[in-house]
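# Notes for the structure review
Below are the chains, spelled out letter by letter.
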Amino acid sequence: MIAKTLGEIAAMIPGAECPARFAKAKVRGVGTDSRKLTEGSLFVPLIGEHFDGHAFAGEALQKGAAAVLWQRGRGQPPDGPHVLVGDTLSALQQLAASYRRELSVRVVGITGSSGKTTTKDMVAAVLAAEWRVRKTQGNLNNHIGLPLTLLELDEETEIAVLEMGMSGFGEIALLSSIARPDAAVITNIGEAHLAQLGSREGIARAKFEIASGLKEGGLLVIPGDEPLLAALIEETKAGGRFDIITFGQSGDSHYGLESVKVGAEGTEFSVRKANGTVTEPFFVPLLGRHNAMNAVAAYALASRLGLGDSQFGEAIRRITPAGMRAETVRAASGLTILNDAYNANPTSMKAAIRLLGELGGFRRKIAVLGDMLELGHDAERLHREIGRMIRPDVVERVYTYGTLAAYIAEECASRFPPGRVQSFADKEALAARLIAETGPGDVMLVKASRGMKMEDVVEALRSGTTQNNGK
């Protein structure tokens, strides 16, 4: 992690001032939460809509912080080592950008409408077969988390795999300008954040911002089946600034997905290369064609970086799924649950439903679906699309939770036999019904946007009780 004197820290932030008496004070590490600071770190007090971290600066020093950043105009700085800056958030980002330029680390940036975290984990695991790798932890993929991740890197790190999330235009461009990736991956273009970006074209443009900070001569890995990205490459003349490789199902992609077989423990697949050869089968312990496609993106990047097929195969089979992302859970009743409740948008929802259909060996397949949020004026249409794609000959029962997911139920009810589609506005009532109506031999998909907290339903099924499950 970053280890500097306070004078050196100030020199890395444009316009920053460090009182001479504190210039030789040493800091190691950076934090923004006064409750989680490590000894000797630099505390960065951020300002939010309902809080001001400056109020905790004195407490941070008492708990062992070596120094604090202090935003001008926020009153008297604490009586201890500090650096004056114009804006603490901007200073954090500038410090991270400066530190990144000092390191010899290669950076891989990953974004997309869905599959970002899974692909990040795959890429990091695969590249770790050859290099010393660090990756984004948890959901630290925004304008605060990414700088903090960069500042955690040390000189021994050879590759940093950084997830980049966003909800509006300009956000990924900012992250890319800080991280200066040597390579970037766009997993897909879906409908997430339609409320903010207006259309899939807008989403594609926002995701493509990752290329704005990509180093000259770098590598951009994109889905070859997405014409919106091809149009942006043509528009921006990006092909002349860095190498572009594609992955997908199309025969025109440099790396294509072949021979997918989904089993109870994971997915087997092969990769078709541009020269027409097909690899031996790989196995990833994640379920679904969409996860195999994420693995092909990781393969494309790893291959261009010089990793061999045997190294890739050994690494990809050891992937551990992140929590609530197609995580297999056994309920008290013997029911098998696919807990995919971490988040949802139309692209990931469709992929999860297709996965449910691909699974074999179960008595009944059940879909439990909640609202997909942040879809703006297209929300009803997109939920109805989900309802229309669910086939009564594949899925035995459909349960929904939330006002938007009710549109899914409405579309299904017009095609399913009576009683096989139910809609709920109360989460506890939903959980109680599921406990009563499911059992051994059934497999259930649970998926919704993060704000719906559908893990409550999963936990109720796991324990066999709805007590304190909430609404």
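See the structure shown above.
This text gives an overview of the structure that appears in the document. Being a predicted model, the structure only gives us computed values, none of them experimental.

Cut-offs applied
Residues numbered from 1 in each chain as written. Predicted model: local features only at pLDDT ≥ 70, side-chain atom pairs only at ≥ 80, totals over all residues. Heavy atoms only, no water. Helix = DSSP H or I, 4+ residues; strand = E, 2+ residues; numbered from the N terminus. Buried < 20%, exposed > 50% of the residue type's maximum accessible area, 1.4 Å probe, protein only. Contact = heavy atoms within 4.5 Å. Areas by Shrake-Rupley, 256 points an atom, 1.4 Å probe, with all protein chains shown as cover. Lys, Arg positive; Asp, Glu negative; His and termini not counted. Charge placed at Lys NZ, Arg CZ, Asp CG, Glu CD. Pairing = 2+ DSSP bridges. Axes fitted to C-alpha atoms, helices over the stretch in contact; angles between N-to-C directions. Core = buried A, V, L, I, M, F, W, Y, C linked by side-chain atoms within 4.5 Å. Expected span 1.5 Å × (residues − 1). Salt bridge = Lys/Arg side-chain N within 4 Å of Asp/Glu carboxyl O. Polar contact = N/O pair within 3.5 Å; in protein donor to acceptor, adjacent residues only side chain to side chain. Parallel < 35°, antiparallel > 145°, perpendicular 65-115°, else oblique. Nonpolar A, V, L, I, M, F, W, Y, C, P; charged D, E, K, R; others polar.

### Quick notes on the overall build of the chain
Along its length, the chain carries 16 helices and 21 strands. In terms of overall dimensions, the chain has C-alpha extents of about 75 × 55 × 40 Å along its principal axes. Looking at the 471 residues of the chain, the share that counts as buried comes to 54%. Long-range contacts, defined here as pairs at least 24 residues apart, represent 66% of the contacts in the chain between residues at least 6 apart. Counting every atom, the chain has about 19,400 Å² of accessible surface; 48% of that belongs to carbon and sulfur. Of note, the chain has its 53 positive side-chain charges centred 1 Å away from the centre of its 55 negative side-chain charges.

### Comments concerning the pairing of strand S21 (residues 442-447)
Most of S21 is tucked away: six of the six residues are buried. Covered by surrounding structure in S21 are Asp-442, Met-444 and Val-446 together with Val-443, Leu-445 and Lys-447, the residues of both alternating faces. Two elements, strand S17 (residues 336-340) and S21, share five bridges in a ladder whose sense is parallel. Across the sheet, residue Ile-337 finds its bridge partner in S21, namely Met-444. Across six bridges, strand S18 (residues 364-370) lies against S21 in parallel orientation. Each bridged residue has a counterpart across the sheet, and for Ile-366 the counterpart in S21 is Met-444.

### Concerning the sheet that holds strand S7 (residues 106-111)
With mixed pairing, the nine strands of this open sheet are ordered in space as S8-S9-S7-S10-S11-S12-S13-S14-S15. The strands lining the two open edges of the sheet, one partner per strand, are strand S8 (133-135) and strand S15 (282-284). Averaged over all neighbouring strand pairs, the angle between strand axes comes to 20°, with direction disregarded. Examined bridge by bridge, strand S14 (residues 267-273) and S15 share three bridges and lie antiparallel to one another. Residue Thr-267 lies in a different strand from S15, and its bridge partner there is Val-284.

### Concerning the nonpolar core
Counting 88 residues, the largest nonpolar core has Val-30, Leu-42, Leu-95, Phe-208, Leu-220, Leu-369 and Ile-390 as its most contacted members. The dominant element in this core, judged by the number of residues it contributes, is helix H3 (residues 88-102), at six residues. With residues up to four places along the chain from it excluded, the contact list for Ile-390 reads Ile-353, Leu-369, Val-395, Val-398, Ile-408, Cys-412, Arg-415 and Phe-416. If you look at the next biggest cluster of nonpolar residues, it comprises 38 residues, including Leu-127, Leu-286, Val-296 and Phe-312.

### Re helix H4 (residues 116-127)
With twelve residues, H4 ought to run about 16 Å at 1.5 Å a step, and its terminal C-alpha atoms sit 16 Å apart, in line with that. A large share of H4 lies buried, amounting to eleven of its twelve residues.

### Considering the side chain of Lys-116
Tracing the backbone through its elements, the reader meets Lys-116 in helix H4. Among buried charged residues, Lys-116 stands out as having no salt bridge; its nearest opposite-charge side chain is Glu-163, 4.9 Å away. A polar side-chain atom of Lys-116 sits 3.1 Å from the main-chain carbonyl oxygen of Gly-112. Those residues in contact with Lys-116 that lie beyond four places of it in its chain are Ile-110, Thr-111, Asn-141, Glu-163, Met-164, Gly-165 and Thr-187.

### Some points on the packing of helix H12 (residues 346-358) against helix H13 (residues 379-389)
One way to put it is that H12 packs onto H13 with a least axis distance of 11 Å and a crossing angle of 10°. When the interaxial angle is binned, H12 and H13 end up roughly parallel. When H12 is examined against H13, the residues Pro-346, Met-349, Lys-350, Ile-353 and Arg-354 are found in contact with a partner set consisting of Leu-382, Glu-385, Ile-386 and Met-389. A class-by-class count of the residues in the contact of H12 with H13 yields six nonpolar, no polar and three charged.

### Some thoughts on the side chain of Thr-111
Structurally, Thr-111 is set in strand S7. A residue is classified by how much of its surface remains accessible, and Thr-111, at 0% relative accessible area, is buried. Sequence-distant contacts of Thr-111, defined by excluding residues within four places in its chain, comprise Lys-116, Met-164, Ile-172, Val-185, Ile-186, Thr-187, Lys-207 and Ile-210.

### With respect to helix H10 (residues 289-304)
With 16 residues, H10 extends 23 Å from end C-alpha to end C-alpha; this agrees with the ideal 22 Å at 1.5 Å per step. Counting buried positions along H10 gives twelve out of 16 residues, so the element sits mostly inside the fold. Residues Asn-291, Ala-292, Met-293, Asn-294, Ala-295, Val-296, Ala-297, Ala-298, Tyr-299, Ala-300, Leu-301 and Ala-302 constitute the buried set of H10. Just past H10, the residue Gly-306 takes up positive phi, approximately 100°.

### Some details on the sheet that holds strand S3 (residues 30-31)
Sheet strands pair by backbone hydrogen bonding; their relative direction is either parallel or antiparallel. Spatially, the four strands line up as an open sheet ordered S3-S4-S5-S6, and their pairing is parallel. Each edge of the sheet is formed by a strand with only one pairing partner; in this case those strands are S3 and strand S6 (82-85). As defined by bridge partners, S3 adjoins strand S4 (residues 42-43) across two bridges and the pair is classed as parallel. Bridge pairing in S4 links Gly-31 to Phe-43. Strand contacts of H3: S3, S4, strand S5 (67-71) and S6, with the helix running at about 125° to S5, the strand carrying the most contacts.

### Topic: the environment of Lys-273
Of note, Lys-273 is situated in strand S14. Taking relative accessible area as the criterion, Lys-273 reaches 27% and is therefore assigned partly exposed. Contact partners of Lys-273, with chain neighbours within four places excluded, come to His-254, Thr-279, Tyr-299 and Asp-309. Among the polar contacts listed, one links the side chain of Lys-273 to the side chain of Tyr-299, at a separation of 3.4 Å.

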